[in-house]
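Overview (structure and organization)
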Amino acid sequence: MPISFLHRQSAHCESGVTSNLLTHHGAPLSEAMAFGIGAGLLFGYFPFIKINKLPLATFRSAPGSIFQRVTSRLGIRVERRSFKNPSAAMAALDRMVADGIPVGLQTGVYWLPYFPPALRFHFNAHNLVVYGAEGDAYCISDPVFPDPVVCPRADLARARFARGALAPQGKMYCITAMPKSLDLAPAIKKGIQQVSSMMVKVPFPLIGTRGIRTLAKAVEKWPRRLGERLAILHLGHIIRMQEEIGTGGGGFRFIYAAFLQEASEVLGDARYLDLSRRMTAIGDQWREFALAGARHCKGRAGAQESFSDLANILRACADSETALFNDLHALVNR
Amino acid sequence: MLKKEVPQDQEVLDGVSEVFYAVDENGRYVLAPSTGWEPANLANLQAWDAIRDELTGMVARIRANRLSPLAYHMAANQMDAKLLASYVGLFVWQVRRHLKPGPFSRLKPEMKKRYAEALLVTAAELEQLPADLSPTMLRIRKNRPAGKA
């Protein structure tokens, strides 16, 4: 019998799992809060790492980091295990489910049958919660879906042992002990400190706002360097990383704005509300980039719209983010 | 993004709705369901087109007997030799060799079974090109009753 587990749909899988697990253990935390405390926001452009032969651009921190940071910043004890052997991994899952403990899993999207086929790519850092078993299937709270789903055992075993980049190796995690009360304010500040210094204080050209500028420079050169067809494929890939399911829109910028809004209430400081509004405007700027990029992909860009114009939109995003994260960094480090 | 601007462009999500963060009329952030956004849909379809293009080129070479059908089933599952090798527990060079018609036809049935399991086909299907040459996942979608997740 599945235990009662409150499934709430969220924009991003890992912050959603974190929020739902904490809520189950008696500490309701919104997804946006989990995303902010876990310092989920980032920008990174790594042209030498290829995904489907296309350069990696990321709008979020490394998979696994949100859950790890949230639990450690709030003093929550967790247990994490990974496995070499699939049957041992499934047996361990069965034991915990039988004990009524909801378990977080890292899985490969390609093997999850309930996913819309068009989204089934080899992406191995998808998080979900197993909260029960019925016959030969598991009851799953997959945070990016509106309702709980069911997944046959064989498929889930396959997804837990997906191969390739970020292979999950059967990774599972659960909460073992909660603190008496959650002290949100210092955790929020730590999360903001981390994101703002990654975005503007890392003197490395591929990370943070510097990374956005490097991407802008690369985008400008794509048509000449790669030819029209490949340039468009590269552009479409960036748009997918920014807007595909799991981002909440605008490359996670709107989730972060929601977090800043909530943070202003917890901290009782209206200045964070102002920064939240600016973050929303930045999310809209990113969406403008996706719209203009999509016009290129369709071949409907006007004659005056070139890849340089796309690069300029990116530079505008970088300018606004530099200003915002500098202000945020100054505010939180005072 | 305002709540009333949350896009509803259904195309790739098969009726599943995702969640966007948007601002309501009081300036508060709310979670708003969306059935998809056109630029994101377009980028997704474009990625599938690239996979289809790769498959088309491969089919021609398999029909000309320059590649084994394994090459098709590998690419239809969006895999390369390296990824497939890790699924079947072989070295990359072994998988590359099996992409040639000769070495593939000499494979033992057990080996073919391992490939077939990793590539979501039966051992018989592995030996030939399917009638429907779409990528594996999109083939699954077509065979499924509409509207069922």
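For clarity, every value in this text was computed on a predicted model and none was experimentally measured.

Parameters at a glance
- Residues numbered from 1 in each chain as written.
- Chains lettered and ligands numbered in written order.
- Predicted model: local features only at pLDDT ≥ 70, side-chain atom pairs only at ≥ 80, totals over all residues.
- Heavy atoms only, no water.
- Domains from an automatic or database assignment.
- Contact = heavy atoms within 4.5 Å.
- Buried area = accessible area lost by both parts, 1.4 Å probe.
- Salt bridge = Lys/Arg side-chain N within 4 Å of Asp/Glu carboxyl O.
- Helix = DSSP H or I, 4+ residues; strand = E, 2+ residues; numbered from the N terminus.
- Nonpolar A, V, L, I, M, F, W, Y, C, P; charged D, E, K, R; others polar.
- Buried < 20%, exposed > 50% of the residue type's maximum accessible area, 1.4 Å probe, protein only.
- Pairing = 2+ DSSP bridges.
- Axes fitted to C-alpha atoms, helices over the stretch in contact; angles between N-to-C directions.
- Patch = residues over 30% accessible without salt bridge, like charges linked within 9 Å, V, L, I, M, F, W, Y side chains within 5 Å.
- Areas by Shrake-Rupley, 256 points an atom, 1.4 Å probe, with all protein chains shown as cover.
- Lys, Arg positive; Asp, Glu negative; His and termini not counted.
- Charge placed at Lys NZ, Arg CZ, Asp CG, Glu CD.

With respect to the domain arrangement of chain A
All names here are of chain A. According to the domain assignment, chain A consists of domain 1 (13-177) and domain 2 (184-332). Summarising the inter-unit geometry, the C-alpha centres of domain 1 and domain 2 are found 25 Å apart. Each partner contributes residues to the interface: domain 1 has 29 residues there, and domain 2 has 40 residues. For the domain 1 and domain 2 pair, buried surface summed over both sides reaches about 3,200 Å², with 77% attributable to carbon and sulfur atoms. It is Leu 41, Phe 43 and Phe 59 that lose the most area in domain 1 upon contact with domain 2, and together they represent 24% of the buried surface on that side. Taken together, the links from domain 1 to domain 2 amount to 0 salt bridges. Among the secondary structure elements, those contributing two or more residues to the side of domain 1 that touches domain 2 are α2 (31-37), β1 (41-51), β2 (54-60) and α3 (65-73). It is β1 that contributes the most residues to the side of domain 1 that touches domain 2, 9 residues altogether. Residue composition of the side of domain 1 that touches domain 2, grouped by class: 22 nonpolar, 3 polar and 4 charged.

Thoughts on unusual backbone geometry
Residue and element names in this part refer to chain A. Here Ala 39, not a glycine, exhibits a phi torsion of approximately 50°, which is positive. Examined against the element boundaries, Ala 39 turns out to sit in the loop between α2 and β1. Residue classification places Ala 39 among the buried residues on the basis of a relative accessible area of 3%.

Quick word on the sheet that holds strand β4 (residues 103-107) of chain A
All names here are of chain A. The strand order across the open sheet formed by 6 strands is β3-β8-β4-β5-β6-β7, and the pairing between neighbours is antiparallel. Pairing within the sheet leaves two strands with one partner each, and these edge strands are β3 (77-81) and β7 (149-152). Averaged over all adjacent pairs, the angle separating strand axes in this sheet is 35°, with direction ignored. Pairing of β3 with strand β8 (residues 172-177) involves 5 bridges; the strand directions are antiparallel. When the bridges of β8 are listed, Glu 79 appears paired with Cys 174. Against the sheet, helix α1 (residues 13-24) contacts β5 (126-134), β6 (137-141) and β8, and its axis sits at roughly 45° relative to β5.

Overview of a positive patch on the surface
All names here are of chain A. A contiguous patch of positive charge, built from Lys 50, Lys 217, Lys 221, Arg 224 and Arg 225, is present on the exposed surface. The leading source of residues in the positive patch is helix α7 (residues 208-226), at 4 residues. With respect to the helices and strands, Lys 50 occurs in strand β1.

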